[in-house]
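Residue strings, one per chain:
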Amino acid sequence: MRISARADYAVRAVLELAVRQGNGPVKAEEIAAVQDIPHKFLEGILGDLRRAGVVDSRRGGGGGYRLARDAAAITVADVVRAVDGPIVSVRGERPTSLSYTGTAQPLLPLWIALRANVRRILEGVTVADLAADALPEPVRALAAEPAAWENP
């Protein structure tokens, strides 16, 4: 599984909004500068996040972006889906729409299990968790495994 630049930038932008919550709207230029994200690319990402109901925007001199709901109600999965669509796909299709025959039949439950595990992680971490640097224990435990840091 690969995390796209769009997804990485989207999570970083939403996290930046979360830590600035309560300080009024944040301009895209500020987010881009602080997070080192290309501004034009970020504008498209923020548009996707707005359409998905993750962020709100306000125009004008005092305008900018803010979270559309509480950071504790936004999961990393919500953000990734807003900019990239389904979290796990095989050849661009959702695993549940696939079918295999013969010796390839064991692939379907493998792809479904992969999707379930990725969803468990991304749906189990909220933007508030990230903003507080407080990943849930199961995520911290996985990240603490030495093999997690190795590149086979």
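Because the structure is a prediction, the values reported are computed rather than measured.

Engineer: Help me understand the overall build of the chain, please; the structure alone is not making it clear to me.
Structural biologist: Helix and strand content of the chain: seven helices and two strands. The order of α-helices and β-strands along the chain, N terminus first, is α-α-α-β-β-α-α-α-α. With the C-alpha coordinates aligned to their principal axes, the bounding extent of the chain is approximately 60 × 30 × 25 Å. Looking at the 152 residues of the chain, the share that counts as buried comes to 32%. Across the chain, contacts joining residues at least 24 apart in sequence account for 56% of those joining residues at least 6 apart. Element-wise, carbon and sulfur atoms account for 54% of the exposed surface of the chain, whose accessible area totals about 9100 Å². Measuring between centres, the 19 positive side-chain charges of the chain sit 7 Å from its 18 negative side-chain charges.

Engineer: What exactly am I supposed to notice about the nonpolar core here?
Structural biologist: For soluble globular proteins, the rule of thumb is that nonpolar side chains tend to be buried together. Ranked by internal contacts, the top residues of the largest apolar core, which has 35 residues, are Val14, Leu49, Val54, Val55, Leu67 and Val79. Elements represented by at least two residues in this core include exactly helix H1 (5–19), helix H2 (28–35), helix H3 (39–51), strand E2 (64–67), helix H4 (76–84) and helix H5 (107–123). A per-element tally of this core places H1 first, with seven residues. Beyond its immediate stretch of four places on either side in the chain, Leu67 contacts Val14, Leu17, Ala18, Gln21, Val54, Val55, Asp56 and Ile74.

About the criteria used
- Residues numbered from 1 in each chain as written.
- Predicted model: local features only at pLDDT ≥ 70, side-chain atom pairs only at ≥ 80, totals over all residues.
- Heavy atoms only, no water.
- Helix = DSSP H or I, 4+ residues; strand = E, 2+ residues; numbered from the N terminus.
- Buried < 20%, exposed > 50% of the residue type's maximum accessible area, 1.4 Å probe, protein only.
- Contact = heavy atoms within 4.5 Å.
- Areas by Shrake-Rupley, 256 points an atom, 1.4 Å probe, with all protein chains shown as cover.
- Lys, Arg positive; Asp, Glu negative; His and termini not counted.
- Charge placed at Lys NZ, Arg CZ, Asp CG, Glu CD.
- Core = buried A, V, L, I, M, F, W, Y, C linked by side-chain atoms within 4.5 Å.

Scope: geometric values only; no functional claims are made or implied.
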